[in-house]
Amino acid sequence: MKKSLLLSSLGGALAGLLVLGNVATSADLKIGIMVPTTGSEATYGKDMENAINLAAAEINKAGGVLGQKIVTMTGDAACDPQQATSAASKLVSADVTAVVGGYCSGATMPTMKIYGDAGIPMVIPAANSTKLIDINQGNAFQINSTGFDQVKTAVSLFEAKGINKLAIVHQGDGYSEDLAKLTREKWTAMGKEVVAYEVVNKGEQDQSALVTRVKSKAPDAVFWTAYYADGAMVIKQLRQGGYRNLIAVGDGSNSPKLLEIAGKAAEGVYCFSNPTVEYLPAAKSFHANYKATYKQDPDAYAALSYDGMKLMADAITRAGSTDKAAIIKALAATKEFTGIAGPISFTDKNTLARSNFVILVAKDGKWILNK
Amino acid sequence: MALLEVNNLALSFAGLHVIKELDFSIEEGSIASLIGPNGAGKTSVFNCLTGFYKPTAGDIVFNGKSITRRKPHKITRQGMARTFQNLRLFKSMTVLENVMSGMHCRSSAGPVGAIFRTGFQQKEEATINEFSETCLDFVGLLGAKDRVASNLAYGDQRRVEWARALATQPKLLLLDEPAAGLNHDEKQQLIELINRIRDQLNITIFLIEHDMGLVMKVSEKITVIDYGEKIAQGNAEEIQSNPKVIEAYLGKEEDETA
Amino acid sequence: MSIQDILLQQLANGLILGSFYALVALGYTMVYGIIKLLNFAHGDLYMLGSFVGFIILSFLSTYIGDGWAGILCSMVLSMIAVGLLGVLIQRIAYVPMLSAPRLSILITALAVSMVLYNGVMALTDGQYLAFPTDLSYEGFDLGNVFITNTQIILVGASFILMIVLYLFVHKTLYGKAMRAIAIDQDACRLMGINVNKIIALTFFIGTSLAAAAGIMAGTYYGSIHFFMGFVIGLKAFTAAVIGGIGSIPGAMLGGLLLGLLESFGTQIPFIGTEWKDVFSFSILILLLVFKPTGILGKTEIERM
Amino acid sequence: MVNPTNTPSTGISGQDNPGGLSGWLYPQKNRMFILMTLAVIAMLIPLVSNNYGLEVMTNVWFYVMLCLGLNIVVGYAGLLDLGYAAFFAVGAYTTGILTSQFGVNFWLTIPVAVCVSACAGLIIGGPTLRLRSDYLAIVTLGFGEIVRIIARNLEITGGASGLIGIERPTIFGFQLNQIIHFYYVFLILAILACFVSYRLQHSRLGRAWQYVREDEDAAEAMGINRVAVKLYAYVIGAIFGGVAGCFFAAKMTAISPETFMFQQSVLILLGVVLGGMGKIPGVIIGAFALVLFPEVFRGLGSMRMLVFAVVMLIIMLYRPEGIWPAKKS
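Residues numbered from 1 in each chain as written. Chains lettered and ligands numbered in written order. Predicted model: local features only at pLDDT ≥ 70, side-chain atom pairs only at ≥ 80, totals over all residues. Heavy atoms only, no water.

S.K.: Teacher, can you tell me more about the state of the cysteines here?
M.R.: Disulfide: a covalent bond formed between the sulfur atoms of two cysteine residues. According to the stated counting rule, one finds one disulfide over all chains in the structure shown. Paired through a disulfide, Cys79 of chain A and Cys104 of chain A show a sulfur-sulfur distance of 1.8 Å. Its S-S torsion of about -105 degrees marks the bond between Cys79 of chain A and Cys104 of chain A as left-handed, since a negative value means left-handed. One end of the pair, Cys79 of chain A, is in the loop between strand S2 (70-76) and helix H3 (81-93); the other, Cys104 of chain A, is in the loop between strand S3 (98-101) and helix H4 (105-118), with 25 residues separating them in the sequence. Using a relative accessible area of 7% as the deciding quantity, one classes Cys104 of chain A as buried. Of the cysteine sulfurs around Cys115 of chain D, a residue in no disulfide, the closest is that of Cys119 of chain D, at 6.6 Å. We classify Cys115 of chain D as partly exposed; its relative accessible area is 49%. (Disulfide = S-S within 2.5 Å. Helix = DSSP H or I, 4+ residues; strand = E, 2+ residues; numbered from the N terminus. Buried < 20%, exposed > 50% of the residue type's maximum accessible area, 1.4 Å probe, protein only.)

S.K.: Got a minute to help me understand the interface of chain D and chain C in this structure?
M.R.: Often, the extent of an interface is quoted as the loss of accessible area on bringing the components together. Each partner contributes to the interface: chain D provides 45 residues, whereas chain C provides 44 residues. Carbon and sulfur atoms supply 78% of the area that chain D and chain C bury against each other, a total of about 3,700 Å² over both sides. For the chain D face of the interface with chain C, the top three residues by lost area are Asp134, Tyr135 and Ile138 of chain D, together amounting to 17%. Across the contact surface, chain D and chain C share one salt bridge. Taking the shortest distance from any N to any O, the salt bridge between Asp134 of chain D and Arg102 of chain C comes out at 2.8 Å. At the surface where chain D touches chain C, the tally comes to four residue pairs in polar contact (both at pLDDT 80 or more). (Contact = heavy atoms within 4.5 Å. Buried area = accessible area lost by both parts, 1.4 Å probe. Salt bridge = Lys/Arg side-chain N within 4 Å of Asp/Glu carboxyl O. Polar contact = N/O pair within 3.5 Å; in protein donor to acceptor, adjacent residues only side chain to side chain.)

S.K.: Help me understand the arrangement of the chains in this model?
M.R.: By number of contacts, the leading pair among the five pairs of chains in contact is chains C and D. Spatially, chain A and chain B are disjoint, and the shortest separation between their C-alpha atoms is 26 Å.

S.K.: When you look at the domain arrangement of chain A in this model, what are you seeing that I'm missing?
M.R.: Residues and elements named next belong to chain A. On domain assignment, one finds that chain A holds domain 1 (5-145 + 279-344) and domain 2 (147-273). Distance between the C-alpha centres of domain 1 and domain 2: 31 Å. Of the residues lining the interface, twelve residues belong to domain 1; the matching set on domain 2 comes to 13 residues. Across the domain 1 to domain 2 interface the summed buried area is about 990 Å²; carbon plus sulfur atoms make up 43%. Sorting the residues of domain 1 by area buried against domain 2 places Tyr44, Asn128 and Thr130 first, and these three jointly supply 42% of that buried surface. Summed over the shared surface of domain 1 and domain 2, the result is zero salt bridges. The tally of links from domain 1 across to domain 2 stands at one residue pair in polar contact (both at pLDDT 80 or more). (Domains from an automatic or database assignment.)

S.K.: Explain the domain arrangement of chain B to me, please; I cannot follow it from the model alone.
M.R.: All names here are of chain B. Per the domain assignment, the segments of chain B are domain 1 (1-79 + 170-258) and domain 2 (91-167). Taking the mean C-alpha position of each, domain 1 and domain 2 sit 27 Å from one another. Tallying the contact residues gives 21 residues for domain 1 and ten residues for domain 2. Between domain 1 and domain 2, the buried area comes to about 1,300 Å², and carbon and sulfur atoms account for 69% of it. On the domain 1 side of the interface with domain 2, the three residues burying the most area are Arg77, Pro170 and Leu193, jointly 31% of the side's total. Here domain 1 and domain 2 share zero salt bridges between them. Applying the counting rule to domain 1 against domain 2 returns four residue pairs in polar contact (both at pLDDT 80 or more).

S.K.: Before we go on, may I ask you to explain the pattern of salt bridges in this structure?
M.R.: Close approach of charged atoms lets side chains of opposite charge pair. Tallied over the entire structure, the rule returns 30 salt bridges over all chains. Glu125 of chain B is the salt-bridge partner of Arg207 of chain D, the closest N and O atoms lying 3.1 Å from each other. Here Arg207 of chain D, found in helix H8 (residues 204-214), pairs with Glu125 of chain B, found in helix H5 (residues 119-138), and the two come from separate chains. The pair Arg207 of chain D / Glu125 of chain B is uniform in exposure class, with both members buried. Between Arg164 of chain B and Glu161 of chain B there is a salt bridge, and its shortest N-O distance comes to 3.6 Å. Of this pair, Arg164 of chain B and Glu161 of chain B both sit in helix H6 (residues 154-167), three residues apart, which is roughly one turn of that helix.

S.K.: Explain the packing of helix H5 (residues 106-128) of chain D against helix H6 (residues 133-153) of chain D here, please?
M.R.: Describing two packed helices takes the angle between their axes plus the distance from one axis to the other. Residues and elements named next belong to chain D. In contact at an axis separation of 11 Å, H5 and H6 are set at 150 degrees when each is read in the N-to-C sense. Of the possible angle classes, the one that applies to H5 and H6 is roughly antiparallel. Of the two possible hands of crossing, H5 and H6 adopt the one that is right-handed. Contacts between H5 and H6 involve Ala120, Ile124 and Thr128 from the former and Leu136, Val139 and Phe143 from the latter. Here the contact of H5 with H6 is built from residues that sort into five nonpolar, one polar and no charged. (Axes fitted to C-alpha atoms, helices over the stretch in contact; angles between N-to-C directions. Parallel < 35°, antiparallel > 145°, perpendicular 65-115°, else oblique. Left-handed = near helix turned anticlockwise from the far one by under 90°. Nonpolar A, V, L, I, M, F, W, Y, C, P; charged D, E, K, R; others polar.)

S.K.: I tried to follow the environment of Phe24 of chain B on my own but got confused; where do I start?
M.R.: In this fold, Phe24 of chain B is placed in strand S2 (residues 16-27). Separated by 206 residues in sequence, Phe24 of chain B and Lys230 of chain B have C-alpha atoms that sit 8.7 Å apart.

S.K.: How do you make sense of the sheet that holds strand S5 (residues 140-142) of chain A when you look at a structure like this?
M.R.: Strand-to-strand pairing in sheets goes through backbone hydrogen bonds, with the strands running parallel or antiparallel. Residues and elements named next belong to chain A. Ordered by their spatial adjacency, five strands build an open sheet running S2-S1-S3-S4-S5, and the pairing between neighbours is parallel. Because the sheet does not close on itself, it has two edges, and the strands there are S2 and S5. Direction aside, neighbouring strands of the sheet carry axes that sit 20 degrees apart on average. Of the pairings in the sheet, the one linking strand S4 (residues 122-124) to S5 comprises three bridges and is parallel in character. When the bridges of S5 are listed, Val123 appears paired with Phe141. Sitting on the sheet, H4 is in contact with strand S1 (29-35), S3, S4 and S5, with an inclination near 165 degrees to S4. (Pairing = 2+ DSSP bridges.)

S.K.: Is there a simple way to explain the pairing of strand S9 (residues 246-249) of chain A in this structure?
M.R.: Regular strands show a simple pattern: their side chains alternate between the two faces of the sheet. Residue and element names in this part refer to chain A. Neither face of S9 is exposed, since Leu246 and Ala248 on one face and Ile247 and Val249 on the opposite face are all buried. Relative to S9, strand S8 (residues 221-224) is paired through four bridges, and the arrangement is parallel. What sits directly across from Ala221, in S9, is Leu246. Following the backbone out of S8, through helix H9 (residues 228-240) and into the adjacent parallel S9, one traces a crossover that is right-handed. (Right-handed = clockwise from strand over helix to strand, strands pointing away.)

S.K.: What is the right way to read helix H10 (residues 248-265) of chain C from this model?
M.R.: An α-helical turn contains 3.6 residues, so a residue and the one three or four places further along point in the same direction. All names here are of chain C. In a regular helix each residue adds 1.5 Å, so 18 residues correspond to 26 Å; H10 covers 25 Å between its end C-alpha atoms and thus fits that length. Within H10, 13 of the 18 residues are buried, leaving the element largely enclosed by the surrounding structure. You can read the cap of H10 off the contacts: a side-chain oxygen lies 2.9 Å from the backbone nitrogen of Gly250, and it is on Ser247. (Expected span 1.5 Å × (residues − 1).)

S.K.: Explanation requested: the environment of Ile280 of chain D in the structure shown.
M.R.: Residues and elements named next belong to chain D. Inspection of the secondary structure assignment puts Ile280 in helix H12 (residues 280-296). For Ile280, a relative accessible area of 9% puts it in the buried group. If we ignore the near neighbours within four places in the chain, the residues touching Ile280 are Leu68, Tyr76, Cys194, Ser197, Tyr198 and Gln201.

S.K.: Got a minute to help me understand a nonpolar patch on the surface in this structure?
M.R.: Residues and elements named next belong to chain C. Taken together, the side chains of Leu8, Leu11, Leu15, Phe140, Leu142, Ile152, Phe159, Ile163, Tyr166 and Leu167 define a hydrophobic patch exposed on the protein surface, amounting to about 840 Å² of accessible area. Of all the secondary structure elements, the ones that give two or more residues to the nonpolar patch are helix H1 (3-35), strand S2 (139-142) and helix H5 (149-171). For the nonpolar patch, the element with the highest residue contribution is H5, accounting for five residues. (Patch = residues over 30% accessible without salt bridge, like charges linked within 9 Å, V, L, I, M, F, W, Y side chains within 5 Å. Areas by Shrake-Rupley, 256 points an atom, 1.4 Å probe, with all protein chains shown as cover.)

S.K.: How should I be thinking about a positive patch on the surface in this particular structure?
M.R.: Among the surface-exposed residues, Lys65, Arg70, Lys71, Lys74, Arg77 and Lys171 of chain B together with Arg130 of chain D lie close enough to one another that they form a single positively charged patch. Relative to the elements of secondary structure, Arg130 of chain D occurs in the loop between H5 and H6. (Lys, Arg positive; Asp, Glu negative; His and termini not counted. Charge placed at Lys NZ, Arg CZ, Asp CG, Glu CD.)

S.K.: Can you help me understand the sheet that holds strand S6 (residues 165-170) of chain A in this one?
M.R.: Residues and elements named next belong to chain A. Taken in spatial order, the seven strands line up as S7-S6-S8-S9-S10-S13-S14 in an open sheet, and their pairing is mixed. The open sheet is flanked by strand S7 (193-199) and strand S14 (366-369), the only strands paired with a single partner. Each strand of the sheet is rotated relative to its neighbour by a mean of 25 degrees, with strand direction disregarded. Looking at chain direction, strand S13 (residues 358-363) and S14 are connected through four bridges and run antiparallel. Its bridge partner being in S14, Lys363 is matched across the sheet by Lys366.

Here is the structure:
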């Protein structure tokens, strides 16, 4: 009696597990969404999921793709490599035709292999570490400008401001370290000086050691390459510590939260950003729809995620079939696809051909476009 | 030659002198006792002998070798075993497993032997089992070998501790208040057991005890300490008539009533 | 900046960091001293202190503003609330474990820490919250060295708290009872001291000091988040060990010392900011190995 | 699941034969039967499961190995190790660095990783095992953080981005690159880990761990070198973690310091505590719960870890021996 109970419960658990992988088996066109919906980056992930679903709904309303309705399925990458691989396997097992997603570079990396091996076309709207390029098996397309483009934008600003001595601070994760390294390489290659190259720990409140170190090197500008949450604290403490020169932050810090936390210390901070909804004339209706559907404003990666889904649908239509290889071919052949975030074409490495970075500046507690 | 020789042993912590210049020796094959009023430092002496405390000064020679400042497990390996004042059995383990712990220092198989169950390891395990059972049999507890130690009656638990100490194959056995908590019959059995260990196994015995009747009955040599100092030494009769000893014990009674 | 300037600046930075460490370390040391429990959840109570302070201040600011008056009010209220929570935790989680094996108590404490940490994470969605106060940066500009009024006030406040605690422990009957229980609980029971009450009081005081530090940190750094307690918990433990765990003056001294050590340590040219934590953890490990009793800790019987 | 909590203690009146579930589970014959059945089920899973199921189950076997490794330290020897992810990291990075930067064959990196993680165990264990248990917990925590920060800061470990493009191993010219291959690899590792754990537990060393765990002083008085015995636990536990790390690196092909955070150590500890410290079936159940729970209850989102934490607290307070029934009453 007990034996059978034990075994049957074990069997039940296993059966439950196996069934899990087999949800949704209709003739619809299945598109996977891979974003972090739990963990520290969940807000961004859910925002991306919303935008992608919004795009899918619009496409379905207009008759779907090749007559098929799009059904989305979300895999939670949790911004964690282990969970991301399991999420990717889940999507592949569910037999998705294509995937739109990828927010944290570190978590996206190990999934590239899984999608690559399965030959699944993938559009990456957010993750933009340059390391993604090296392991791309040809099936993935990055529509967020890569670190290279951001560095170009950053350097152009620094040059325009007559900066010579630069301090770079990152946060010890793949994305911000990548950006920091690229900036350092570029800046020194230009014959200029990087006087400080520092790391702070995520979540650490006291940055006085960093402030003193940076101040003692008297840089003309400080470039924070990581996310807004810690960036706000760093900016605040730099200003409190008496640092008065220019501060610039990377696209991970493009958030109104940064201004909220840093308060008046953030005035005049520059931010390099991928095109976000409020600065995109073409995104007006998207913004309105998003707000109507989800009762909140779209966040930093909403526009690109929306474009990602639209691009994928466009590529499938151009391919004329749901054959994965054909879709990949169609994606590669994309020419000036008009997204709300700007036109999309790809280089031979499947990255965005033309940078769409903009420069923002904080004024009176708001980000405005720098002219 | 004396099996154990203690010269000038001293122990102090935080400025408190627990043991002061203590000298005594124990002859091989004898039964010796250490007595003294409460707080005289008897258990501290045991702890110094077995390496649990690091003496401040002095020298301990056991079986011709100095064991001062040696670690407890090394001292045990050299042939000195002990029991504890408050039972210190491995409570959730079986009686047999408890006794097997004593064989640890007489065996050597390591992780590789354990994983591959080499011939050597298997033979050793069999020896450990067999000898532990012999020890249990000696104290009359073989029947209880598979019971969990903490489920045994108090007196039986004491005997498990004895068997465990015997399993280390000691030359000298230190007993810390072996009669504490035992009833009259059990004390008689204890006296018999002490004598059997000495006579049959040829193990020297050194004990701390409060029960004077038992001490006087079994010991051939008694050392009395008070405030960490030796105040008398001799056989039962000599000690019983020693004025210093009487004073020490009476003094203690005064303290108690105060 | 000249070397002198850097050293002076880091002295100021080290003092403020150190006084936060000291306040948190006091709780560790008091609880450890009295019931020999390493309260893993202590860092999380610091975090909780700042969140409770955040809620109270957000509420109060409409009435008395978000200036120093508001901060003081919310600090007192949060100290009381979190202090009581500390007592509650002790009652629910630690009292039943007192006779359990050490490993079980440690894991229980770790579990409590995880509950608090993940609870706040779930409630805040893992977001950083902006502390609802924006104090000015006015202060003293000594050439290249810059010290704000906020820093001076916060260091002053933590010193006042520490002095009050010291007087409490050494001059009042409750303080004497605490010290007595740390030495021998059973004897205290026999002497008619209400041991459980005193232990609860110890938890209350230790926890509320951590909460005070939490609010000060929120005020000073401007933002709070659910994992702010992890690193400071570790550092404060280090501080308590440096001073000698169980010793109240030791915790104060250890906190300040660690704050200064870290501040100066990070300015050593080849130890960049990226190695800062390796630096403090190495200090911790070396200290535990070579001088586990700390500076002011009592030496125990030397065992082999 | 069968709920063993209601089984009344049968140790009354000196009776040591536990009844109920534990009574049925422990006789040799029944145990062998269960083991064989489970092994066969595990072998057959790939026939019925899709890749997602395999991925999850592979993760289960992986955590079984890690949890069994930590179980040697925590469950057998009674030492709280809060930095176990460090050993796992050492193994993963050893393989990662050797294969991706020096082109060493994957299989050759395993013995190297065993040596390196054993050394890491010795380095941290040697000087610190004399410490009080709570100090040890903090030291191991600090050690775990140090290892992660070093991995994050060095060039050779790929910095914060970590290492990418780690070679997938080949065996007799056959490359392991499908999830099903890794499923079997990790299943074999888990079975090996069980086997080794079992053999160690029922040996002279295993008993010595238990003696030291129950009463250090008494164990020492019995001639057991407590430091050496603990060190064995530490080093063997480290090797388990290191080997698991090697295969983890090979499976993921990319590793980064984020995987080896404190939370990872806590997660592994959770697996050990949940099922029952020191009991192999308990630890296996713990590992299952660890991996399956988040997959099944993904809807809980960020509440997931909170639920884990609450469960852990409840277990410690009401059933410190874990889910699996105790052998002895």
